[in-house]
Amino acid sequence: MLRPKDIVAWIFTMVLMALVFLWIGDFGTLGYLAQSPISAYVENLWRLMYISASGVFGVFMGSLIFFSIRFRYSETVQEQQVRRADISKMVLPVILVSGIGLAYAISQYFSNVLVYQFNLGLLVGLMILLFSSLIFVIYKEYFRD
């Protein structure tokens with residue numbers, strides 16, 4: 001049964017995910033359209049679809065994150081005391097901080113993508129590797145033997 005505090009946290013998680021989706025996509029702004037009579041119409045339709053998609057993304061990802069954290073498996077007190085020190089408490093912040101640094105490095109190449117294709121490809125490949133390691137650490141955290 002969900003308490004009122006849980007419902008507020010669930011709604012907050014959904015809104016946060018929708019805002020992250022909007023922020024990543026520059027709130028649906030298309031900066032590369034040619035100036036023509038129909039471009040304003042196309043941009044308005046795109047923005048409407050993007051904002052709608054952010055709502056759907058927020059509901060699904062926010063619910064997924066909230067319910068996976070809220071209803072995760074909890075062990076008894078005796079099993080927790082036997083367990084040795086957990087290294088994931090150090091690994092997760094390192095992965096998150098390096099991800100932020102990598103995202104900043106990638107953003108520096110957006111001004112001239114054609115010149116820096118190789119560098120951008122390497123950085124995006126490293127970002128994919130970083131995300132996969134984050135998923136692995138979270139998986140090992142929740143599904144321990």
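For the structure, check the block above.
Scope of this entry: the structure provided in the associated data block. (Residues numbered from 1 in each chain as written. Predicted model: local features only at pLDDT ≥ 70, side-chain atom pairs only at ≥ 80, totals over all residues. Heavy atoms only, no water.)

## Section: the layout of surface pockets
If you add up the space inside the largest pocket, you get close to 1200 Å³. In this structure, the largest pocket is lined by 26 residues; those nearest its centre are V20, I24, L96, F131 and L134. Elements with a minimum of two residues in the lining of the largest pocket: α1 (4–24), α2 (39–70), α4 (88–107) and α5 (117–142). In terms of residues, the lining of the largest pocket owes the most to one element, α5, which gives eight residues. Here the residues of the lining of the largest pocket sort into 23 nonpolar, three polar and no charged. (1 Å grid on protein atoms, 1.4 Å probe; cavity = no way out; pocket = protein on both sides within 12 Å on 5 of 7 lines; lining within 4 Å. Points joined across faces, edges and corners; volume = space filled by probe spheres on them. Helix = DSSP H or I, 4+ residues; strand = E, 2+ residues; numbered from the N terminus. Nonpolar A, V, L, I, M, F, W, Y, C, P; charged D, E, K, R; others polar.)

## Focus on the nonpolar core
In terms of nonpolar packing, the biggest core is built from nine residues, these being I95, L102, I106, L120, L123, M127, L130, L134 and V137. Going through the elements one at a time, α4 and α5 are the ones with two or more residues in this core. When residues no more than four places from it in sequence are discounted, the contact partners of L123 are L102, A105, I106 and Y109. (Core = buried A, V, L, I, M, F, W, Y, C linked by side-chain atoms within 4.5 Å. Buried < 20%, exposed > 50% of the residue type's maximum accessible area, 1.4 Å probe, protein only. Contact = heavy atoms within 4.5 Å.)

## Examining the pattern of salt bridges
Inspection of the entire model under this criterion finds three salt bridges. A salt bridge links D6 to R3, with the nearest nitrogen and oxygen atoms 3.7 Å apart. D6 gets classed as buried once you look at its relative accessible area, which sits at 7%. Take R3: its relative accessible area is 44%, and that puts it in the partly exposed class. Among the ionic pairs, R70 bridges to D6, the shortest N-O distance being 3.0 Å. (Salt bridge = Lys/Arg side-chain N within 4 Å of Asp/Glu carboxyl O.)

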